[in-house]
Amino acid sequence: MLNKKPSLGFIGIGLMGKPMTLRLLDAGFSVNVWNRSPEKLQPVIEAGAKACVSVAELVRVSEVIILCLADTAVVELVVLNNIAPNGAAGKLLIDLSSIHPENTRQLAALLHQKCGMGWVDAPVSGGVAGAEQGSLAIMAGGSAEHIEVARIVLAPLYKQLTHMGEVGCGQITKICNQMIVGCNVLVIAEMMALAKQAGVDAGQIPVALAGGFADSKPLQIVAPEMAVEAFEPVKWRVKTLLKDLNMAADLSAKQGTSVPMSALAAQLMQLHGSHGYLEQDPSTLIKLYSKTDA
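Each chain has its residues counted from 1, running along the sequence as written. Only residues with pLDDT of at least 70 are given local features in this predicted model, and only at 80 or more are side-chain atom pairs given and counted; all residues enter the totals for whole chains, interfaces and linings. The basis for every side-chain value is the complete set of heavy atoms in the structure, and neither hydrogens nor water enter the calculation.

Peer 1: Just checking my understanding: could you explain the overall build of the chain for this structure?
Peer 2: Secondary structure summary: the chain contains twelve helices and nine strands in total. Within these notes, the globule rule equals 2.2 Å times the number of residues to the 0.38 power, and the radius of gyration is based on C-alpha atoms. In terms of C-alpha radius of gyration, the chain reaches 20 Å, essentially the compact-globule figure of 19 Å for 294 residues. If one aligns the C-alpha atoms of the chain with their principal axes, the spans along those axes are about 60 × 45 × 35 Å. A simple rule labels every residue: compare its accessible area, found with a 1.4 Å probe on the protein chains alone, to the largest value its type can have, and call it buried under 20%, exposed over 50%, or partly exposed in between. Sorting the 294 residues of the chain into buried and exposed places 50% on the buried side. Partitioning the contacts of the chain with sequence separation of at least 6, the portion at a separation of at least 24 is 67%. For the chain, the exposed area adds up to about 13,400 Å²; of that, 57% sits on carbon and sulfur atoms. If you average the places of the 23 positive and of the 25 negative side-chain charges in the chain, the two averages end up 3 Å apart. Helix numbering and strand numbering both begin at the N terminus, where a helix is a DSSP run of H or I of at least 4 residues and a strand a DSSP run of E of at least 2. Only heavy atoms matter for contacts: two residues are in contact if any of them lie within 4.5 Å across the pair. With residues, only the protein chains shown are counted as cover, and all accessible areas are computed by Shrake-Rupley using a 1.4 Å probe. Neither His nor the chain termini are counted; the positive set is Lys and Arg, and the negative set is Asp and Glu. Every charge is mapped onto a representative atom, which is NZ of Lys, CZ of Arg, CG of Asp or CD of Glu.

Structure below.
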């Protein structure tokens, strides 16, 4: 059984990983860290995190290993090459990344077989602001015992953590979340471009719609940015939404269902990305509908 405040190992100190690690440190956790780009570790080291020279070292000195990585391929690489060979029974892996549920289940089974470690898939929603404020929504998959550990460890990060079922169910729920977000952001971009071209003060759109049936967090976050074309700093990326929408299409095909709106959203996102916007903020999607950028 893990301690009430187990030692943590955090892998992936990026846009989301940095504020998460800082909140875990503020909550009194001992946090070991590793990142592919070591220079990104400096802010969390200054806050009290311990830098490890390798993932293998981090796994050996940590009871709970937390991943916050870019995609399925990166998670697979880290787990297969570094975590499985160095893990031990009684330790737990919590994956905050958004990856394919099928791969999640395969990796969880392999990790348990190789070293006896447990797995919780716990993708998050709420963006960088949610990570900074500790108000993330976390959708988790795993055994009840492991979920309870995750609730304790991740408490500084979330407003709500919901147990969605067995391993993989958290990732499926995150895909559902991203289907809504992706389609929502695209229609907001389409709407804002139309409003601007038709002579409306687009900056007033989120004000006018606040509290109404069309209101949403994406509207209040991205519409003001779109109105003035303020695309920096990048708080999330087009490629992240595209990755998740592509997973939705793949999951749908495997289940024998159809997701035509999400599939179209993926195509439009891919088109936008092909114009050089993959690494940019999704608020840039307004350019997809702008006459001057057609």
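Peer 1: Help me out: how do you make sense of the packing of aromatic side chains in this one?
Peer 2: In this description, an aromatic ring pair is defined by two values, namely the gap between the centres and the angle between the planes. What counts as a ring pair is set by centres within 6.5 Å for rings of Phe, Tyr and Trp (its six-membered ring), and what kind of pair is set by the plane angle: stacked under 30 degrees, edge-to-face over 60, tilted for all other angles. As enumerated under the stated definition, the model contains zero aromatic pairs in all. Two conditions define a charge sitting above a ring: the NZ of Lys or the CZ of Arg must be within 6 Å of the ring centre, and it must be within 35 degrees of the ring normal. Its guanidinium or amino end placed over the ring of Phe29, Lys5 lies 4.9 Å from that ring's centre, counting from NZ or CZ.

Peer 1: I would appreciate a short explanation of helix H7 (residues 144–153) in the present structure.
Peer 2: Those residues of H7 that sit buried are Ile147, Val149, Ala150 and Val153. Viewed end-on, H7 has its buried residues packed into an arc of 160°, placing them on one side of the element. Residues of H7 that are exposed and point over 90 degrees away from its buried face: Ala144 and Glu145. It is the directions from the helix axis to the C-beta atoms that the arc portrays.

Peer 1: Quick question: what am I supposed to make of the nonpolar core here?
Peer 2: Side chains that are nonpolar tend, in soluble globular proteins, to be buried together. Remark: nonpolar core denotes a set of buried residues (Ala, Val, Leu, Ile, Met, Phe, Trp, Tyr, Cys) joined through side-chain atoms within 4.5 Å. Judged by nonpolar contacts, the single largest core of 35 residues is most densely connected at Phe10, Met20, Ile66, Ile94, Leu96 and Leu154. Ranked by residues supplied to this core, first place goes to H7 with four residues. Of all hydrophobic cores here, the second largest spans 27 residues; its members include Leu186, Ala195, Val238 and Ala265.

Peer 1: How should I be thinking about the side chain of Ser262 in this particular structure?
Peer 2: If you trace the backbone, Ser262 turns up in helix H12 (residues 260–277). Residues contacting Ser262, with those up to four places away along its chain left out, are Met179, Cys183 and Leu245.

Peer 1: Explain the pairing of strand S4 (residues 64–67) here, please?
Peer 2: Looking along a regular strand, one sees side chains alternate from face to face of the sheet. Burial of S4 is two-sided: the residues Val64 and Ile66 facing one way and the residues Ile65 and Leu67 facing the other way are all buried. Two strands qualify as a pair provided DSSP detects at least 2 bridges between them. Pairing of strand S1 (residues 8–11) with S4, which is carried by four bridges, proceeds in the parallel orientation. Bridged to Phe10 within S4 is Ile66. Two elements, S4 and strand S5 (residues 92–95), share four bridges in a ladder whose sense is parallel. Residue Ile66 lies in a different strand from S5, and its bridge partner there is Ile94. As a crossover connection, the stretch from S4 through helix H4 (residues 72–83) into S5 is right-handed. Seen with its strands pointing away from the viewer, a crossover is right-handed when the path leading from the first strand over the helix to the second is clockwise.

Peer 1: What is the right way to read the packing of helix H8 (residues 169–197) against H12 from this model?
Peer 2: To characterise two packed helices, one gives the angle between the axes of the helices and the distance between these axes. Think of each axis as a best-fit line through the C-alpha atoms, taken over the contacting stretch in the case of a helix, with angles from 0 to 180 degrees between the N-to-C directions. Running from amino to carboxyl end, H8 crosses H12 at an angle of 60°, the nearest separation of the two axes being 9 Å. Judged on the interaxial angle alone, H12 and H8 are oblique. Classified by chirality, the crossing of H12 by H8 is left-handed. Contacts from Met179, Gly182, Cys183 and Leu186 in H8 reach Met261, Ser262, Ala265, Leu268 and Met269 in H12. Between 65 and 115 degrees an angle is taken as roughly perpendicular, under 35 as roughly parallel, over 145 as roughly antiparallel, and anywhere else as oblique. Helix crossings fall into two classes, left-handed where the near helix is turned counterclockwise from the far one by less than a right angle and right-handed where it is turned clockwise.

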